[in-house]
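Okay, here's what each chain looks like letter by letter:
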Amino acid sequence: MANTEASFVRTEMVAPQEPPLSERGVVKWVRENLFSGPLNTILTVLALVSLFYLVKLSLPWWLHGVWKANSLGECRQIIADAYGPDATGACWAMIRERWHQFIFGFYPPEMYWRPILSFGLLFVALAPALFFGDRRNNLVILAGVALFLLLSLWALDNDLLHIALIMMMMAGFVALVLIAPRKLLWFTLIYPALAQFLLWGGSVWGPVLTMLGLAVLAVVYVVLQPRFGVVMASAMGFVAACVWWLALQSSVSTALYTLMPIGLEALDSDQFGGFLLAFVIGVSSISAALPIGILLALGRRSDMLLIKTLSVTIIEFVRGVPLITMLFTASLLLQYFLPPRTNFDLILRVVILVTVFSAAYIAEVIRGGLAALPRGQFEAADALGLDYWQAQRLITMPQALKISIPGIVTTFIGLFKDTTLVTFVGLAEPLRGITSIVRADIDWKGIYWEPYIFVGAIFFLCCFSISRYSMYLEHKLKTDHR
Amino acid sequence: MSEAIARKVDTSHMKISDEVAIQITGMNKWYGAFHVLRDINMTVLKGERIVICGPSGSGKSTLIRCVNRLEEHQQGQIVVDGTELTSDLKNIDKVRSEVGMVFQHFNLFPHLTILENCTLAPIWVRKVPKKEAEETAMHFLSKVKIPEQAHKYPGQLSGGQQQRVAIARSLCMKPRIMLFDEPTSALDPEMIKEVLDTMIQLAEEGMTMICVTHEMGFAQAVANRVIFMDQGQIVEQNAPKEFFNNPQSDRTKLFLSQILGH
């Protein structure tokens, strides 16, 4: 018996069959995830019941929403008339009437094209940095921006000539991307000055000369770098640029303005508010915090005692102090330390402090990424004869930043939401600042859920997009195939 | 003993010049209070193929890592190709660009393709134009017999292939001296052979090589000198034939009996 079983020859191959019904599709998923045991079944039922009551309670509120009314009272009247005296309902009419304050604060309505244009161009500037030389993604972004600008400027009754000019500029960007996608990075470089000019207005020469200061830095660096090395050359370049910015720029700018008075109507920082303010602070701080954070992280790992001590002090001090303390410092104390009659813009002060604040967090996140790299990577870079900065730029940073993407993005999302804290120094951020202004109006007194839901939804949209982008980036940079 | 090297290598044509490639005199090194390298004196001539062996912890890796200053020595002198290694960063980078190094764990850059791994240093250190660097890289990748993998990432290659890429990466810098730090210790037996074949090929072309390795077959076939280290010092050095057949010190005899005994 045993002997006959030991030898066996298959004469007919078994064809593959479909798995049994309980092992595929929806049935399998439901069995495995919802009803895999008594405890799981009970939990599923409980969850379904509570979900049902939640929807039952809140659904009428959403469904009874009123979009056309002039006050909260009118809203309630309409709801009561339509659904009975006890019915609840959302009063979206407030958003319809006040949305521009949530978006632009007190920016003069006839100049809305300026923030809208800066917002559109922001994505043109970001595209080459976010998608490198990827032509298709860059074109998709450009098309989206063009459409957004066209529709929003048209809806705001802008001059057709202006719209045409802006569309021609967008066509220029598209042509540039088609010819040389990487050249778009030059626009990224000048975007900060352009956005500052568009948003605050004033003489065109201010931002132009500020950019010239960066050119001074670059020239000094290139001339001195072979003799003094990277650190000394950049320090001297920075000093030279500071001399330019602080001592020479304003007089040269005034002189140029008298010769060629080109500019836009100047606006004050008081007129900024809502998401315009959140974006100005968020975007400038995020883009400045990353490079500063990288330098702090490298500084903390440095062998040079002075640089190491300095980096550790900054990081530990900033992480040890609440952001609100630093914001108060920005609005009150900084003014005492500056020379009398210096007009140091409040938004600029807040941006600087928020930048330093998040740079410290970023530094620690990146230090974690650096620590995760095997020592062999540093040794291989050294053994090939790469100098310190080459090794950091080409070998360690690309890998460390890739590892740190989740941490960096978390920090950035946190920073963006923390821009709402500037309400404590009297800036009209969207959540509390604008909402309380709206509620101060007798028409909208007592409206609670709607503004918070509106602001929360926009914040969620932004943060979720950032998060999705980071997933894309992680996937794109995954080359180790482990 | 590994039998990965089956073929006889004809070493007669491998010329050793009388020019000095590396000169180490009275070198000492400490890790904290631990004296890792003690009074090392060693001269390497151009074209020499030296194998350094010894028990683990004997300081053999540390010694070759001192040659391109991955480790700093505290006493004595190391002169590589006429340049003394001091704390002067310019000298260090100069020596490192002249001396190639192959590591036990390959240390390829995982975020770059094979080709980019090979062209990175020539482009940034030697300032070679990208096109020329790519041609050189393809030449050396063909030489280590993996030109078809040029556009893959290191993670997609086998260990032996990765180590051959690491050798090609070093060769792209056109080094005068190659250091091998246990290049086959992390590899499967099958892959050891392909890496050793590449190293033999290099030796045949007259490269000055210092290899830390446990491959005694390789030492017998290729080396013109074998150095045995123990407790941070050079205990014995000799031509491979003498070294293996007629070891002098008791420590060497014990070591050889242990690694050749099974």
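Residues numbered from 1 in each chain as written. Chains lettered and ligands numbered in written order. Predicted model: local features only at pLDDT ≥ 70, side-chain atom pairs only at ≥ 80, totals over all residues. Heavy atoms only, no water.

Q: So what's going on with the overall build of chain A? Which residues, and what values?
A: The secondary structure content of chain A amounts to 18 helices and two strands. Relative to the 2.2 N^0.38 estimate, which gives 23 Å for 482 residues, the radius of gyration of chain A is 29 Å and therefore markedly larger than a compact globule would have. Dimensions along the principal axes, computed over C-alpha positions, put chain A at roughly 105 × 80 × 50 Å. Residues classed as buried in chain A amount to 38% of the 482 residues present. Contacts in chain A between residues far apart in sequence, at least 24 positions, make up 74% of those at least 6 positions apart. When the accessible surface of chain A is summed, it comes to about 27,900 Å², and 70% of that surface belongs to carbon and sulfur atoms. Each charge class in chain A can be summarised by its mean position, and for the 33 positive and 30 negative side chains these summaries are 7 Å apart. (Helix = DSSP H or I, 4+ residues; strand = E, 2+ residues; numbered from the N terminus. Rg over C-alpha atoms; globule rule 2.2 N^0.38 Å. Buried < 20%, exposed > 50% of the residue type's maximum accessible area, 1.4 Å probe, protein only. Contact = heavy atoms within 4.5 Å. Areas by Shrake-Rupley, 256 points an atom, 1.4 Å probe, with all protein chains shown as cover. Lys, Arg positive; Asp, Glu negative; His and termini not counted. Charge placed at Lys NZ, Arg CZ, Asp CG, Glu CD.)

Q: So what about the sheet that holds strand 4 (residues 75-80) of chain B? Which residues, and what values?
A: Residue and element names in this part refer to chain B. Ordered in space as 2-1-4-5, the four strands form an open sheet in which the pairing is antiparallel. Edge positions in the open sheet fall to strand 2 (34-45) and strand 5 (83-84), since each of these has one partner strand only. Both strand 1 (residues 20-31) and strand 4 contribute to a ladder of five bridges, which runs antiparallel. Note that in strand 4 the partner of Thr-25 across the bridge is Gln-77. (Pairing = 2+ DSSP bridges.)

Q: I'd like a description of the state of the cysteines, backed by residues and values.
A: Among covalent bonds in proteins, the disulfide is the one between the sulfur atoms of two cysteines. Residue and element names in this part refer to chain A. Following the criterion strictly, the structure yields one disulfide over all chains and no others. Between the sulfur atoms of Cys-75 and its disulfide mate Cys-91 the distance is 1.9 Å. Judged by the sign of its S-S torsion, about 70°, the bond between Cys-75 and Cys-91 is right-handed. Residue Cys-75 is located in helix 4 (residues 72-83), and its partner Cys-91 is located in the loop between helix 4 and helix 5 (93-104); the two are separated by 16 residues in the primary sequence. The pair Cys-75 / Cys-91 is uniform in exposure class, with both members buried. (Disulfide = S-S within 2.5 Å.)

Q: Can you lay out the packing of aromatic side chains for me, pointing to particular residues and giving the numbers?
A: Residues and elements named next belong to chain A. Counted under the stated rule, the structure contains 25 aromatic pairs over all chains. Note on Tyr-388 and Trp-389: the rings are 5.1 Å apart at their centroids and 85° apart in plane angle, and the pair reads as edge-to-face. Note on Trp-389: relative accessible area 29%, which makes it partly exposed. Three or more aromatic residues link up through ring pairs in this structure, and these residues are Phe-119, Phe-123, Phe-148, Phe-275, Phe-279, Phe-416 and Phe-459. (Phe/Tyr/Trp six-rings, centres within 6.5 Å; stacked < 30°, edge-to-face > 60°.)

Q: How would you sum up empty space enclosed by the protein? Please name residues and give values.
A: What the rule picks out here adds up to one cavity of 30 Å³ or more. Lining the largest cavity are 13 residues, with Ala383(A), Leu384(A), Gly100(B), Met101(B) and Ser170(B) positioned closest to its centre. Of all the secondary structure elements, the ones that give two or more residues to the lining of the largest cavity are helix 15 (375-383) of chain A together with helix 2 (89-98), strand 6 (99-102) and helix 5 (159-171) of chain B. Among the elements that take part in the lining of the largest cavity, strand 6 of chain B stands out by supplying three residues, more than any other. When grouped by side-chain class, the residues that make up the lining of the largest cavity number eight nonpolar, three polar and two charged. (1 Å grid on protein atoms, 1.4 Å probe; cavity = no way out; pocket = protein on both sides within 12 Å on 5 of 7 lines; lining within 4 Å. Points joined across faces, edges and corners; volume = space filled by probe spheres on them. Nonpolar A, V, L, I, M, F, W, Y, C, P; charged D, E, K, R; others polar.)

Q: Which residues make up the interface of chain A and chain B, and what values do they have?
A: Taken together, the contacts link 21 residues of chain A with 24 residues of chain B. For the pairing of chain A and chain B, the buried interface totals around 2,000 Å² over both sides, and the portion due to carbon and sulfur atoms is 61%. Of all residues in chain A, Ala383(A), Leu384(A) and Thr479(A) bury the most surface against chain B, accounting for 28% of the area lost on that side. Here chain A and chain B share two salt bridges between them. (Buried area = accessible area lost by both parts, 1.4 Å probe. Salt bridge = Lys/Arg side-chain N within 4 Å of Asp/Glu carboxyl O.)

Q: I'd love a proper account of the pattern of salt bridges, names of residues and values included.
A: For the coordinates displayed, the defined rule picks out 24 salt bridges over all chains. Here Glu364(A) makes a salt bridge to Arg300(A), at a shortest N to O gap of 2.9 Å. Note that Glu364(A) is positioned in helix 14 (residues 346-372) and Arg300(A) in helix 11 (residues 274-301), a separation of 64 residues in sequence. Across the pair Asp197(B) and Lys193(B) runs a salt bridge, and its minimum N-O distance is 2.9 Å. With Asp197(B) and Lys193(B) both in helix 6 (residues 189-204), this residue pair falls four residues apart, about one helical turn. Residue classification places Asp197(B) among the partly exposed positions, given a relative accessible area of 23%. Taking relative accessible area as the criterion, Lys193(B) reaches 41% and is therefore assigned partly exposed. A single network of salt bridges, built from pairs that share partners, joins Arg300(A), Glu316(A), Arg319(A), Glu364(A) and Arg367(A).

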